[in-house]
Structures are given as structure tokens and as C-alpha cells.
Amino acid sequence: MFEITKRDGMARMGRFEVRGKTLETPALLPVVNPKICTVPPRELYEKFGFKALITNSYIIRGTPGLRERALSEGLHEMLDYPGIIMTDSGTFQSHMYGEVELTNKEIVEFQRDIGTDIGTVLDIFTEPFWTREQTAASIVTTLERTEEACSLKGDMFINGVIQGSVYTDLREECARKMASMDIDVHPIGGVVPLMEQYRYSELVDVVMSSKAGINHSRPVHLFGAGHPMVLALAVLMGCDLFDSAGYAKFARDERMMFIDGTYRLADMQSLDCDCPACRGITLKELRLLDKKSKTKLIAEHNLYQITRELATVRRYLQEGRLWELAEIRCRSHPALLDALRRLKEYSGQTELSDPLSRDGAIFYTGPESRGRPVYSRYLERLGERYVPYSDKAVVFPESRGKPYSRSYAEAFEKARKAGYSPVVVSPFGPVPVELDEMYPIAQSVFPDIPDSETETESDRLTFLFLEKFGFRNVIEPEQIPDGGNEETDADLLRAKAVARYQFGTGIADVLFKGRIELIKSRKTGKIRNVISDGEHVLSMRAGDGFYSLRMEGAERIVRNVPGTGMRVAVTDDAVPFVKQGRNVFAQFVISCDENLRPMDEVIVTDKNGEPLATGKLFLAPFEIPFMKKGMAVKVRTGADEDRAG
Ligand code: GUN
Ligand code: ZN
């Protein structure tokens, strides 16, 4: 069973339980050739910390000696490896050398009989140059074989490989059909030639379309991907498992993997590496080693590059900065930059799982950063949920200091007195000042010297915004008339604007009904609590400038806004626990408002819509129906606690 423990972008950090062993994901499985064993499996486990590996059952079955040993001793004993063992089926051999002479039934049963933990169907490798018809026909066979494998697998886990060449609709359909079968992992297959040919933008198409159809409770394995260069991007797109044969293959060819590519030992000018394998050796000494020692050393170096990058990816994922890392990594090769640019076209899909806010600030790495869903979401919500309070605007240039309302305090005050609404042209596009303390506007860092692409786009977006919201009178800061005496309550405007942005206009109106009192922090002067008709409905967070919903606010919404907005309904057995403030687990969720996003405030209700608790959504609504385990909502306050306290 697979449980998501952390997330960022489409990436998941998770725990995958396989027959009593646990694998922390994202994870990479080194490929072990059972005939060669460049690095012994025991060393992979103990020295490098690989808790899972992949080997090839087709080779074992076809090799006299190995076949008998595997059947009598079992695979773990034979390889002397205590971790999780995945086996492949011979599909890759058919891709390399043509037809293999064995049936799906034979190889699946063989894998089961040698004690494989995760076996693989004999899928048909769909080549990127295949026609649509050929691809579609072979998928039918792969699906039939997958059904057959499910019936034969016993207690072995099974890989149901998603194929479909570069045809995105076929990929999605194949994934959807696999989703309803009794498989345990979703590998994405047929991508090795795309990676070998540096067709990374097509790799993005393949991964994103496959992800659109899968069962989200299963880990996704990007079959044949193991170069450190692609890991950040692939994890960002939601791939959980990887495998690398390259570390050993490249080593035999005297090629060293680095984060920015692979280099031939013969061409290298210096050995610029401080990994444990290279430490203390010079380039000259390495070249002079005997073949066997050289291969082993390079293989170990390659493994260290992989483990180090995987650790970096995990750290960025935990810090909520994986977009940044992927953008940095994708600058190591123009073909990867293409991939990043292609990913922008999927912002509708990436936005669905991208969290509403993060703990840290967003760093801009270049115009490609605008492909992150925080950008498109901001513009979309601004367009749909902003309500202007004036038809006069003063347009300010981006300022270094944030929030803008602090760096431009006097000018904004003067503008408001004159009846003008201040709008800042930020790299996100237009920012009406009411929204300037909210994520990601205040929690972002841009270079002082802007690039023309983002600057031009921000100007264009600001123009569209002013037009859409009917600002008839638009001036520059120097043109603000002196001595205005209009009364505006900047705090109340901000309080309402953030609520509309965060919850939508209908819900915001209900929360701001009646007499409003704003409690501000004595130290910072920032809004802390919103009291509406004597009820404390919202608290504003200092970190991301968004609200936490209070139980009184939740009850107000449920009483006044019909429908399912902001709501997550749970089964009867979960009700008493949730009321006491315990978290909501995915398997107890009946329904979830699909407009919600991870980190959104939610109202947990019973099946009749009665409010039980408030909290923050952890999973994306589209994932919840699939998940059998793990937290769906992190509950803040349960109704019973609220009454007690
Ligand atoms: N190894 C690399 N690509 C593939 C694939 O598409 N299918 C299988 N079974 N193994 C692979
Ligand atoms: Zn090294």
C-alpha cells in the first residue's frame, strides 16, 4: 500500500509497503544484471542504502545455473539482498533484440515462483516511431496480458506498464484501463528511446498524459529513467520510482555521470568530484587502474551521483521548493529546457495538485518560472474573484520592498484619499494592494534587474486587468492629486479581498455579513482576527497572509451557503474522531469539493452536511477517491473541542 506523506507540485513523498518491507519514495532502484553484478547487491543495500533493486527475470530464466538456483534458493538468497526486489520480464530485451520466445504466463509464473516482490507483465514496448494503429493494437495485447498477470500473481506485486508511444490520448486511455485492474505499481514504459534521443519535451507529454489516467494510490515508476539530470523534473511531474542500468553500463564504457550530463573518462580534463569513490584519486590514477577496478570505481561514482541528487530532490520537495530545483536542473541542457517549457502547457493539470501556499518564499529563476501553477492560479483567481471598489487606479511599478503597502505606504495613502485604488505591476501581473500580503505576492523573491519577457507580460496582464474591471481613470503615481479627503478603510478592503480570493465571493460575503470588527496585532499592525456580528469567524495567518477558518465561520458557511463548497464529507464511523479533532483519513471521505486544492481551508462535515471540524486539505480532491491510506485533511479544531475549549 502507498501512502503520501509530503507533497509539492505534482510530486509525492511517500511510503510504499511491499510484502512487509517499506520503501520511502521517491526512490531509485539500481539495475542488477544477475550475470555481472558490477556492484554486489549486498553493497547496494548496506553501503549505498538502496532498499530496492531491479533485476531481470528473463535473463535469470534463460541462464542455466541461475534459473535453478533462483527456483530452489529464491531470488533474495541467490542475490544476497534483503531489500525489495523488482524484476523485469524480457520486454526490454524484445525492444533491443526483437521477439523473445516465451509467454506472458511463463514469465509471470516464473517471477512469482522465484520470490520476486514486484514482478512485471510481458508488456509490448511501444516505440516512438510506431504508427497510431500499431500502437493501439499492441496496447490491447498489453492490457490482456496485464489481466492475465493479475490472475496469476498470487501474493507477488505486479507492474502494469503503461504504453502508448507518443500518442497522449492512447497513453491516458491505457493508464485508465490499468487503473481499474488489480495491479500494484504503474510503470510508464516505452520512454527509453525518448530519453536516449534527448526528446524530453515528448517525455513530458508522455508522463503528464499517463498521470491523467492512473490510479493515484499506486506509485508511478518511470521505466529506464535514472540519470541524475532528469530526476528533479520527473519527481516534480509525480513519478515516484526510477531505475538505473546506466550507472553500470556507463561504467563499463568508462563514462562518468554528473548532474549536468555524462562525460567520457578519455575526454575529461580533471576529476572534479569529491564523492567517496573518487576521493583521494587523481584522473591519471583512475585512467591507469585495471579494467575491473576502474569499472567498479566509476559505477560507484555514478551511484553516488544518483543518491546525492535523490537526497537533494527529497530536501527540495520537503521544503516546498521542487519547482525551483527542476528549473535549475533543466538549464543543464537545452532539451531539458524544452521539457520545462512544455510543462507550462500543462498548468491546468499541474494546478490541481499544487499547494495553495508554502512555508518559504518562491524564488524566480527566469521566465520559465511563470510556468508554475502559482502564477496561473493567481491570475485566474484575481480575474474571477476580485471586486474593485473604485473605477480609478494608480499604477505603481514593482518595488523592492515587500509588502508593497509598507514600501509605498505614503503614496498608497495619498492615492486612497484621492479616491484611487493602488495597483502594482508585479512579476506576477497586476497586484491590487489589498492582496499584497498574501501568498505568493509577498512571499516571493525576484531579481532587481528584470528580464524583458516577464516585464512585457506583466504590463500586458495589467492592461487587461484594468480593462476587465472597468477602471476608467488610470494614472501614474506622480499624477495623484493632492489633498484628497475620501474615507476608505484599507484594512476592511484587504480583509474582504483576501477572503474572496481564498474562498470565492459567495462564501466571503457570508463571512463578512453584519457588523465587522478587525482585531489587529499590536506589534505589526497586521489583521489577526475577523469578528462578524460578534462571532470570531476567521484568523489571518502572519506567514502566508491567508485565513484559517474558525468553527464559528464554518457553521456560518454551512447555514448560509448551500451546496458542497469548501466541504469534505466523512462516513459515520469517522464522525466521533473528527469531532474530537483527529485528522481525516482518505478511506473515510465520502465526497470533497473539487474546487479545493492542497493546503486549502476545509469544513469537515458528516454525510448530511453538518459541520464537524475545520482543517487543511492535504490530498488533492481527485486523489482522495483512490487512496486507501493516509491523511486527507489535517484537522485544526473539532466541534467538540471547540465547545470544550
Ligand atoms: N524497461 C525500460 N522500458 C521498459 C518498458 O517499457 N517495459 C518493461 N517491461 N521494461 C522496461
Ligand atoms: Zn565521484
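Structure's up top.
Residues numbered from 1 in each chain as written. Chains lettered and ligands numbered in written order. Predicted model: local features only at pLDDT ≥ 70, side-chain atom pairs only at ≥ 80, totals over all residues. Heavy atoms only, no water.

**Q** How would you explain the site of ligand 1 if you had to name every residue and give the values?
**A** The environment of ligand 1 is made up of Asp88, Ser89, Thr91, Phe92, Thr120, Asp123, Phe125, Gln163, Gly189, Gly190, Val192 and Phe223. Take glutamine 163: an N or O atom from its side chain is 3.0 Å from an oxygen atom of ligand 1. For ligand 1, whose free accessible area comes to 280 Å², the fraction covered by protein is 97%. In terms of residue class, the shell around ligand 1 is made up of 4 nonpolar, 6 polar and 2 charged. (Near = heavy atom within 4 Å. Polar contact = N/O pair within 3.5 Å; in protein donor to acceptor, adjacent residues only side chain to side chain. Areas by Shrake-Rupley, 256 points an atom, 1.4 Å probe, with all protein chains shown as cover. Nonpolar A, V, L, I, M, F, W, Y, C, P; charged D, E, K, R; others polar.)

**Q** So, the pairing of strand S3 (residues 21–25): which residues are in play, and what are the values?
**A** Sheet topology places strand S2 (residues 11–18) next to S3; 5 bridges connect them, and they run antiparallel. Bridge pairing in S3 places valine 18 opposite lysine 21. Where S2 folds back onto S3 in an antiparallel hairpin, the turn is made up of 2 residues, including arginine 19, whose phi is positive at roughly 45°. (Pairing = 2+ DSSP bridges. Helix = DSSP H or I, 4+ residues; strand = E, 2+ residues; numbered from the N terminus.)

**Q** How would you summarise the coordination of the zinc ion (ligand 2) if you had to cite specific residues and measurements?
**A** Surrounding the zinc ion (ligand 2) are the protein donor atoms Cys273 (SG), Cys275 (SG), Cys278 (SG) and His301 (ND1), at 2.0 to 2.3 Å. In terms of primary sequence, the donors binding the zinc ion (ligand 2) are separated according to C-x1-C-x2-C-x22-H. For cysteine 273, a relative accessible area of 15% gives the class buried. Overall, cysteine 278 belongs to the buried group, its relative accessible area being 2%. (Donors = N, O, S within 2.8 Å, 3.2 Å for Na, K, Ca; no water. Buried < 20%, exposed > 50% of the residue type's maximum accessible area, 1.4 Å probe, protein only.)

**Q** With reference to specific residues and values, describe the sheet that holds strand S24 (residues 567–570).
**A** Strand pairing in a sheet is mediated by backbone hydrogen bonds. Such pairs are either parallel or antiparallel. The strand order across the open sheet built from 6 strands is S25-S29-S28-S27-S24-S26, with neighbouring strands paired in mixed fashion. The open sheet is flanked by strand S25 (584–585) and strand S26 (589–592), the only strands paired with a single partner. Looking at chain direction, strand S27 (residues 601–605) and strand S28 (residues 611–617) are connected through 5 bridges and run antiparallel. Residue valine 602 lies in a different strand from S28, and its bridge partner there is glycine 615. Set on the sheet, helix H24 (residues 551–560) makes contact with S24, S27, S28 and strand S29 (631–638); between it and S28 the angle comes to about 110°. (Contact = heavy atoms within 4.5 Å. Axes fitted to C-alpha atoms, helices over the stretch in contact; angles between N-to-C directions.)

**Q** Got a sec to walk through the packing of aromatic side chains? Specific residues and values, please.
**A** Scanning the model with the defined rule gives 22 aromatic pairs in all. Their ring planes at 65° and their centres at 6.1 Å tell us that phenylalanine 92 and phenylalanine 125 sit as a pair that is edge-to-face. Linking phenylalanine 92 in helix H5 (residues 91–97) with phenylalanine 125 in the loop between strand S7 (118–120) and helix H7 (132–152), this pair joins segments that are 33 residues apart in sequence. Since its relative accessible area comes to 21%, phenylalanine 92 is described here as partly exposed. An aromatic cluster is built from Tyr364, Tyr375, Tyr378, Phe428, Phe446, Tyr501 and Phe546, whose rings are joined through pairwise contacts. A cation over a ring is seen here: arginine 321 above phenylalanine 363, with NZ or CZ 5.9 Å from the ring centre. Note that lysine 392 overlies the ring of tyrosine 420, its terminal NZ or CZ placed 4.9 Å from the centroid. (Phe/Tyr/Trp six-rings, centres within 6.5 Å; stacked < 30°, edge-to-face > 60°. Lys NZ or Arg CZ within 6 Å of the ring centre and 35° of its normal.)

Spatial relationships are all this shows, so hold off on functional conclusions.
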